[in-house]
Amino acid sequence: DNGHSLAEPIHLAAVLFEADDAIGARVVAKSTAASTSSSEELLVDVRQIRQAIQRAILKRPTQSPPPHEASIGSMLQKVIQRAMAAAKSNGDSLVALDHLLVAIYDVDRSTKDVLESAGLTKKMVVEATNEIRGGRKVTSTSA
């Protein structure tokens, strides 16, 4: 879409935060609710996260004419592998979107920095995803 030849973790982050019902937006909403109830001053705005992600994407090298299809970059492959390992260690049958979001923090420093610069830390993501899941395991595609 942006003339990028490689799909990288920042592109995955864009998808995870794109819609208001996407996992990223739900994590932000849960984090914001938790911080207001515990009187912390840290409020995260999903629009700021989306803008930070877009700025980072626009800084990436482009190709003209754009490729018909982007290849998966090595860093995105590592994120997927880390998410698969997290799913297995958590007892989940499938990789869930929250596994991918947490794996971005573990694997890709530049995308992690983008998310943290907008106020969303890994700790906030882990706590919010645990609360959203409520201890349930991912055992089917509808989970």
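It should be noted that the structure appears before, not after, this text.
On a predicted model such as this, the values are computed, not experimentally measured, just so you know.

J.: Residue-level account of the overall build of the protein chain, with values.
T.: The number of helices and strands found in the protein chain is 7 helices and 2 strands. In the protein chain, the order of α-helices and β-strands from amino to carboxyl end is β-α-α-α-β-α-α-α-α. Over its C-alpha trace the protein chain gives a radius of gyration of 15 Å, about what one expects of a compact globule, namely 15 Å for 143 residues. With the principal axes as the frame, the protein chain shows a C-alpha extent of 50 × 35 × 25 Å. Here the protein chain, with 143 residues, has 41% of them falling under the buried criterion.

J.: Got a sec to walk through the pattern of salt bridges? Specific residues and values, please.
T.: Inspection of every chain in the model, using the stated rule, returns 9 salt bridges. Here R109 ties to D113 by a salt bridge, and the two come within 3.9 Å at their closest N and O atoms. Residue R109 and its partner D113 are located together in helix α6 (residues 109-117), separated by 4 residues, close to a single helical turn. According to the relative accessible area criterion, R109 is exposed, its value standing at 58%. Classification of D113 as partly exposed rests on a relative accessible area of 35%. Where salt bridges share partners, they join R82, D106 and K122 into one cluster.

J.: An account of helix α3 (residues 46-58) is needed here, citing residue identities and associated values.
T.: An α-helix turns once per 3.6 residues; consequently, residues spaced three or four apart project the same way. In this model α3 runs 18 Å from its N-terminal to its C-terminal C-alpha over 13 residues, within 8% of the 18 Å that 1.5 Å per residue would give. Listing the buried residues of α3 in full gives V46, I49, A52, I53, A56 and I57. Within α3, the buried residues cover an arc of 135° as seen down the axis, which keeps them to one side. Residues R47 and L58 are exposed on α3 and point more than 90 degrees away from its buried face. You can read the cap of α3 off the contacts: a side-chain oxygen lies 2.9 Å from the backbone nitrogen of R47, and it is on D45.

J.: Give me the lowdown on a nonpolar patch on the surface, citing residues and values where you can.
T.: On the surface, I72, I80, M84 and V95 cluster together into a nonpolar patch covering about 330 Å² of accessible area. Within the fold, V95 resides in the loop between α4 (74-89) and α5 (97-107).

J.: Please provide a residue-by-residue account of unusual backbone geometry, values included.
T.: At the junction of S64 and P65, the peptide bond is cis and its omega measures out at 0° in the coordinates. On the secondary structure map, P65 appears in the loop between α3 and β2 (71-72).

J.: Please give an account of the nonpolar core that cites residues and values.
T.: Core analysis: the biggest nonpolar cluster contains 35 residues, and L16, F17, V27, I49, I53, L115 and L120 have the highest contact counts within it. If near-sequence neighbours (up to four positions away) are discounted, L115 is found in contact with F17, I49, I53, L101, I104, Y105 and L120.

J.: Account for the side chain of T111, naming residues and giving values.
T.: Checked against the element boundaries, T111 lands in helix α6. Accessibility expressed as a relative area gives 1% for T111, which makes it buried.

Rules behind the numbers
Residues numbered from 1 in each chain as written. Predicted model: local features only at pLDDT ≥ 70, side-chain atom pairs only at ≥ 80, totals over all residues. Heavy atoms only, no water. Helix = DSSP H or I, 4+ residues; strand = E, 2+ residues; numbered from the N terminus. Rg over C-alpha atoms; globule rule 2.2 N^0.38 Å. Buried < 20%, exposed > 50% of the residue type's maximum accessible area, 1.4 Å probe, protein only. Salt bridge = Lys/Arg side-chain N within 4 Å of Asp/Glu carboxyl O. Expected span 1.5 Å × (residues − 1). Arc of directions from axis to C-beta. Polar contact = N/O pair within 3.5 Å; in protein donor to acceptor, adjacent residues only side chain to side chain. Patch = residues over 30% accessible without salt bridge, like charges linked within 9 Å, V, L, I, M, F, W, Y side chains within 5 Å. Areas by Shrake-Rupley, 256 points an atom, 1.4 Å probe, with all protein chains shown as cover. Core = buried A, V, L, I, M, F, W, Y, C linked by side-chain atoms within 4.5 Å. Contact = heavy atoms within 4.5 Å.

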